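Listed below are the residues making up each chain.
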Amino acid sequence: MVDADTQFLPAAFWTAGAEVSAHALRRPFLLTPEGTPKAGVLLIHGFTGTPFEMRLLGEALCRRGYLVYAPLLAGHGRSSDDLAATGWKDWYASVDAALTELCALVPTVCVGGLSLGGLLTLELARHRGPEITAIASLSAPVWLTRPVEMIIKITRWLRRTPPTVAVPKSAGSDIADPVMRQRNNLAQGAIGLPIVSVLSLRDFMDHVLAGLGDVKLPTLLMHARRDHTVPFSCLAAIHRGLGTKQVETRTLEKSFHVVTLDLDREQVIADVDAHFARHLSPL
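Keep in mind the model is a prediction, meaning the values are calculated, not measured.

Some remarks on the overall build of the protein chain
Then, in step 1: Across its full length, the protein chain carries 11 helices and nine strands.
Then, in step 2: In terms of C-alpha radius of gyration, the protein chain reaches 17 Å, essentially the compact-globule figure of 19 Å for 283 residues.
Then, in step 3: With respect to the three principal axes, the spread of C-alpha positions in the protein chain is 55 × 45 × 35 Å.
Then, in step 4: By the burial criterion, 58% of the 283 residues in the protein chain qualify as buried.

Re the pairing of strand β2 (residues 39-44)
Then, in step 1: Taken across its six residues, β2 has six buried, putting it largely inside the fold.
Then, in step 2: Side chains A39, V41 and L43 of β2 all project onto a buried face; the interleaved residues G40, L42 and I44 project onto the opposite face, where all are buried too.
Then, in step 3: Remark: the β2/helix α3 (residues 55-63)/strand β3 (residues 66-70) crossover connection has right-handed handedness.
Then, in step 4: Looking at chain direction, β2 and strand β4 (residues 109-114) are connected through five bridges and run parallel. When the bridges of β4 are listed, V41 appears paired with C110.

Digging into the sheet that holds strand β1 (residues 29-31)
Strand-to-strand pairing in sheets goes through backbone hydrogen bonds, with the strands running parallel or antiparallel.
Then, in step 1: Spatially, the seven strands line up as an open sheet ordered β1-β3-β2-β4-β5-β8-β9, and their pairing is mixed. The sheet is open, and its two borders are formed by β1 and β9 (247-252), each paired with just one other strand. Along the sheet, successive strands turn relative to each other by an average axial angle of 15°, direction set aside.
Then, in step 2: As paired elements, β2 and β3 share four bridges and run parallel to each other. In the strand pairing of β3, A39 is matched with Y66.
Then, in step 3: Together, β1, β2 and β3 form the strand contacts of α3, whose direction differs from that of β1 by roughly 20°.

What to know about unusual backbone geometry
A negative phi angle is the norm for most residues apart from glycine, just as the trans form is the norm for most peptide bonds.
Then, in step 1: Unusually for a residue other than glycine, S115 sits at a positive phi of about 60°.
Then, in step 2: Relative to the elements of secondary structure, S115 occurs in the loop between β4 and α6 (116-128).
Then, in step 3: Owing to a relative accessible area of 9%, S115 belongs among the buried residues under this scheme.
Then, in step 4: Although it is not a glycine, S139 adopts a positive phi angle of roughly 55°.
Then, in step 5: If you trace the backbone, S139 turns up in the loop between β5 (135-138) and α7 (146-158).
Then, in step 6: The class for S139 is buried, based on a relative accessible area of 0%.

Some thoughts on the packing of aromatic side chains
Then, in step 1: Tallied over the full model, the rule gives six aromatic pairs.
Then, in step 2: Judged by centre distance (5.0 Å) and plane angle (75°), the ring pair of F13 and W14 falls under edge-to-face. For the pair formed by F13 and W14, the shared burial category is buried.
Then, in step 3: Each ring, one from W88 and one from F204, has its centre 4.8 Å from the other, and the planes form 15°; the classification is stacked. Here W88 is found in helix α5 (residues 88-103), whereas its partner F204 is found in helix α9 (residues 195-210), with 116 residues between them in sequence.
Then, in step 4: Among the aromatic residues, those joined into a ring-pair cluster are F13, W14 and F52.

Analysis parameters
- Positions within a chain are numbered from 1, following the residues in the order the chain's sequence is written.
- In keeping with the model being predicted, local features are shown solely for residues with a pLDDT of at least 70 and side-chain atom pairs are shown and tallied solely at 80 or more, while totals for entire chains, interfaces and linings include all residues.
- Only hydrogens and water are set aside; all other atoms, that is, all heavy atoms of the structure, feed into the side-chain values.
- The secondary structure listing takes helices from DSSP runs of H or I that are at least 4 residues long and strands from runs of E that are at least 2 residues long, numbered from the N terminus.
- Each radius of gyration reported is based on C-alpha atoms, and the globular scaling rule is 2.2 Å times the count of residues to the power 0.38.
- Each residue is assigned to one of three classes by its accessible area relative to the maximum for its type, calculated with a 1.4 Å probe on protein chains only: buried under 20%, partly exposed between the two thresholds, exposed over 50%.
- By convention, a crossover is right-handed whenever its connection, traced from the first strand over the helix to the second and viewed with the strands pointing away, goes clockwise.
- If DSSP finds at least two bridges between two strands, the strands pair.
- As a rule, the C-alpha atoms of each element are fitted with a line to give its axis, helices using only the stretch in contact, and angles between N-to-C directions run from 0 to 180 degrees.
- The contact criterion used is simple: two residues touch if any of their non-hydrogen atoms lie within 4.5 Å.
- For Phe, Tyr and Trp, where Trp contributes only its six-membered ring, two rings pair if their centres lie within 6.5 Å, and the inter-plane angle classes them as stacked under 30 degrees, edge-to-face over 60, or tilted in between.

And the structure:
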């Protein structure tokens, strides 16, 4: 948390496209509201992503009275080689430590995550549920698109996983809004998809899916119908597996995968805020 950005991005960045460096966009952030926070919120970005994916949501929640912390996951924000040197247990260790840091600052904490961050949110709820009030899991995968699943099967069948092989993300971020797609691409940089990391992500999906029955917290699930990265059917699979009956689901009609930045972003902000507020106890 020492290196976290504690300032909002310039208003002109969001309204007029003022330039902000890629380094500044990908940094962790810790945003403090005016007055006493009504709760803390841990926000977790996705696979190959950066905290910028959660920045707009985080700033909005801070304005609504939350203390917001968004860490950078292990191996992310630098290079494909750095990412390839990590796996899902390292990514989970990042958010486990971040939750501990946030709990030291505020007595009441909610957690929200996008994609891989949504999986990590569910895993935190499973293991550290008593310390968390409510969760929001957005665009979370429990399987991937058919072409990617086929590549994974072939790689495992060959029993060879070259650690240096990374597939470039030639299409960029899966975002319908062209302005937000450009900004998110700047934040991510040229990092690709290391095969070993994709295999670890796939293992984590199976791990989380098998343990969903242990998730007992109030849960908000959101997914875009036109998501090109994670099949929309994952939403129903996660819903069926959860061990809690306190589940809300939202289907987003305009966005692609990165719903926190995309065309439905205002709905995402409103629904996450409302979900957390419903389940907060007074500090």
